[in-house]
Every structure is written in C-alpha cells, then in structure tokens.
Amino acid sequence: MLQQNNPPIPDFALPSSDENAPDLYLPLMSLITYVLLCALCYGTAKHFDPEVIPDVTTKCFVTQILEVLAIRFGFHLMQAPVPILDLFSYTGYKYVGLSINMFVGLLLGHLGYGHRAYYITFLWTASASSFFMLKTMANNIPVVTAATGPKREVMVVAFAASQFATMWFVSQTKFL
Amino acid sequence: MSYYDYSNTGNQDGGGNSGGGFYGGGFNQQQQQQQQPGGGFFDGGANAQQWQQPQSDPMQGYPGSAPQGQQQQQQQNFWNPATMASVAAVAAGGMNNDSMLDFASNAAGSFLQSGTARMVPGLESSMLRLRRYFAVDNYYVRGKMLKIIFPFRSKNWKRVVGSFSWRLWSIF
C-alpha cells in the first residue's frame, strides 16, 4: 500500500561516470584495511589473538546492518524509495575515516601520543563523515515526503548524527 | 576422449601436424588411431589389436587415415563453430597467451549463462545487482576518498541521472 505512491527510482549513472554515485568497493576495501589495522594495533601491544580479526569484523558489520535497517525504516516512514545496497554504501564510507584514525594513532603511538592523536583525528574524520552523510541524505531524500511521516530535516540530522555514534562505537582504542 | 578430440581437431584445422604444438607427434598419432570408428575406449576385445599397433613405427600409413575425414565432419556438426575455432587456436598456437586468455574469458562469461549457474538460486540476479556498485576506476576512488575526508568544500552533491558522463562533459 505504501509502495504504490512511490515514484520510481531514476536511472542513475555508474560510479565510474558520477562522483556522487554510491559504490561498494571503497567500503569493502576500507573495512578490510580497518580490521587489519586493528589487528596490528593489538599486535604492537603484544595482545594479538587470531580471534581479534573475526571479532572486529563482526562488530563492524553488525553495527552497520543495524544502522542500515534503522535508516531504511526511516525512509520507509517517509515513503521515500531507496535501494538497500545504497545504504550499505553510504554507511560503509566511515571505515575510510576509521582506518585513517587508526593509522595516525599507530604512527604516533610510538611517541606515546596514541590516544590523543587518535581522538583528535577522530574529531575530524567523524565530523567529516557526518557532514558527508548529511549532504548525501539531504540530496537523496525527495523534497516532498509523506505528510504523516517524520520531518525530513529531523531525519537527515539524525542519520548524520548516527555516523558519529557508530564511529565512536566501533573504535578500538583499548591498546593504543 | 573429448580431451583427445580437442588436440586432434586442432592439428587438423590449424596448420596440420607440422606445428604439433603442445603434444608430441607420436602421441598425436596414437590419439588419431583411437578415434577410428569402432575404435572406442570401451569396445572390448574386438579392437584389441588396435592397441598394439601404435607401438610399431608411427610414421607408416595407418588403415585409419581414410575414415578420419568422416570422423572430422561428424565432430564439426556436434561442436559449436566458435568453440571449435578457439580450441583449434589454442592447440595449434602452442598455448599462446592471447588465445588462452580468450578461451578463459569465454568460459567465465558463459558460466553465468550455463545450467550450472542457474542451479544456484538468485546468483545471477544478485551478481547483476552488485555489478553496478563495483564499476569504479582510479579517478572515482581518488575523488571519493578526498570527498569523504574533506567534504566541507564540495559544492556538487547531486547524483547524475542517465548515462552521460559529467566528466566527459566537463572537458568542453
């Protein structure tokens, strides 16, 4: 019943010809990079265990799935159509920022500033990810949404804030 | 048997026995001998003498040289001409790289069309859906990473609708 009023999803260009198109290559690769950097971080603290790799992967992936489901539900309330793989792509871009945080934390960890460097970088990358999500969602949600659903602006800001929260949640700073 | 058929037809089509390609000459003669009508692998005792013949001098004329043509024509009917051509190229060219690559990519491409892939439910449709998300190039990846790390100065956030490329457009 809700689906009947939805406008069809337009025929968007491929990522190779559109800078704003979502892709899954970057999220996948940066997730792998982030997991490996976490394992390296545990290893430099002499706490490495092979279980670290599946643990971190599962934590990231389950968090992302929950986030995608929440966003999908919000879109559903607003009666805005969106492919679910697009949401996996948009929420997966935060791993790029997380990898950078972890890399900087590891580099400066040798000087004894691991935690501080991590959180300073985190402030930048997390706000950048949130801003990215804000602009992306603001441009993807149709201007006219369901009259009875939640406000469009509220949802956009909530999606952006969720980036900050999930990036905080999946950070692994125990052994930095 | 079918593996032998490949090398045999390859030598017939692609420049005769002179190339030889991957297989030695004597070995080929043995295979041709096995492919005579009635000379099947599992025919039993009636053809037992054919198994002893290749051990004599292979360069002497076989009784099997005449029926070979008929056998060839039968095979031409059974096999797809395109497959025949690529297989022949592989066998005659001594496994050169291009033809091997061609053959491999043809095989990979036809895997999704073949029956085996259709047995996995949803494989084809999910691959077709996922393919769009992995159509990236270096330019896109570099720009996207910069956009994720420094999003504050970008102005353009609209997605492109349709198949024309704004990058080509921006040249003019």
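Not measured: the values here are computed from a predicted model.

## A closer look at the overall build of chain B
Thought 1: Broken down by element type, chain B carries 11 helices and 0 strands.
Thought 2: Starting at the N terminus, the α and β elements of chain B follow one another as α-α-α-α-α-α-α-α-α-α-α.
Thought 3: Among the 172 residues that make up chain B, the fraction classed as buried is 12%.
Thought 4: A sequence separation of at least 24 residues applies to 60% of the contacts in chain B between residues at least 6 apart.

## Considering the overall build of chain A
Thought 1: Looking only at helices and strands, chain A has 6 helices and 0 strands in total.
Thought 2: Going from N to C terminus, chain A has its helices and strands arranged as α-α-α-α-α-α.
Thought 3: Counting over 176 residues, chain A shows a buried share of 38%.
Thought 4: Excluding contacts between residues fewer than 6 apart, the proportion of contacts in chain A whose partners are at least 24 apart in sequence is 73%.

## Remarks on the interface of chain B and chain A
Thought 1: Across the contact, 27 residues belong to chain B and 30 residues belong to chain A.
Thought 2: Of all elements in the fold, only α10 (138-149) and α11 (166-169) of chain B reach the threshold of two or more residues within the side of chain B that touches chain A.
Thought 3: Counting residues per element, the side of chain B that touches chain A draws most heavily on α10 of chain B, at 7 residues.
Thought 4: Split into classes, the residues belonging to the side of chain B that touches chain A amount to 16 nonpolar, 4 polar and 7 charged.

## Digging into the packing of helix α1 (residues 25-44) of chain A against helix α2 (residues 52-78) of chain A
All names here are of chain A.
Thought 1: Put simply, α1 and α2 touch, their axes get as near as 9 Å, and they point 135° apart. By the angle class used here, α1 and α2 are oblique. The element α1 and its partner α2 pack so that their crossing is right-handed. Across the interface between the two elements, Leu31, Val35, Cys38, Ala39 and Tyr42 from α1 touch Val52, Ile53, Val56, Thr57 and Cys60 from α2.

## A few points about helix α3 (residues 84-92) of chain A
Thought 1: Taken together, the buried positions of α3 of chain A are Asp86, Leu87, Ser89, Tyr90, Thr91 and Gly92 of chain A.
Thought 2: Contacts from the buried residues of α3 of chain A go to α1, α2, α4 (94-109) and α5 (114-140) of chain A.

## Structural notes on the confidence of the model for chain B
Thought 1: The predicted model of chain B averages 60 in pLDDT, with 27% of residues at 70 or higher.
Thought 2: Interface scoring of the predicted complex returns ipTM 0.88; its pTM is 0.63.

## Some thoughts on the nonpolar core
All names here are of chain A.
Thought 1: Judged by nonpolar contacts, the single largest core of 36 residues is most densely connected at Tyr34, Cys38, Tyr93, Val96, Met102, Met133 and Phe159.
Thought 2: Per-element tally for this core: the top contributor is α5, with 8 residues.
Thought 3: Leave out the neighbours within four places in its chain, and Met133 touches Tyr90, Phe159, Ala160 and Gln163.

## Considering the packing of α2 of chain A against helix α6 (residues 152-170) of chain A
Residues and elements named next belong to chain A.
Thought 1: It is at 11 Å that the axes of α2 and α6 come closest, and there the two elements cross at 175°. By the angle class used here, α2 and α6 are roughly antiparallel. Across from Lys59, Cys60, Thr63, Glu67, Ile71, Gly74 and Met78 in α2, the residues of α6 making contact are Arg152, Met155, Phe159, Ser162, Thr166, Phe169 and Val170.
Thought 2: Of the residues that constitute the contact of α2 with α6, the class distribution is 7 nonpolar, 4 polar and 3 charged.

## Some words on the environment of Pro22 of chain A
Thought 1: Tracing the backbone through its elements, the reader meets Pro22 of chain A in the segment before α1.
Thought 2: Beyond its immediate chain neighbours, meaning those up to four positions away, Pro22 of chain A contacts Asp86, Ser89 and Tyr90 of chain A together with Tyr133 of chain B.

## A look at unusual backbone geometry
All names here are of chain A.
Thought 1: Its identity as a non-glycine residue notwithstanding, Lys46 has a phi of 60°, on the positive side.
Thought 2: Counting through the fold element by element, Lys46 comes out in the loop between α1 and α2.
Thought 3: Positioned with a positive phi, Gln79 is a non-glycine residue whose angle comes to about 55°.
Thought 4: Among the secondary structure elements, Gln79 is positioned in the loop between α2 and α3.
Thought 5: The partly exposed category is assigned to Gln79, around which 19 C-beta atoms lie within 10 Å.

Criteria and cut-off values
- Residues numbered from 1 in each chain as written.
- Chains lettered and ligands numbered in written order.
- Predicted model: local features only at pLDDT ≥ 70, side-chain atom pairs only at ≥ 80, totals over all residues.
- Helix = DSSP H or I, 4+ residues; strand = E, 2+ residues; numbered from the N terminus.
- Buried ≥ 20, exposed ≤ 12 C-beta atoms within 10 Å, placed from the backbone.
- Contact = placed C-beta atoms within 7 Å.
- Nonpolar A, V, L, I, M, F, W, Y, C, P; charged D, E, K, R; others polar.
- Axes fitted to C-alpha atoms, helices over the stretch in contact; angles between N-to-C directions.
- Parallel < 35°, antiparallel > 145°, perpendicular 65-115°, else oblique.
- Left-handed = near helix turned anticlockwise from the far one by under 90°.
- pLDDT = per-residue confidence, 0-100.
- Core = buried A, V, L, I, M, F, W, Y, C linked by C-beta atoms within 7 Å.

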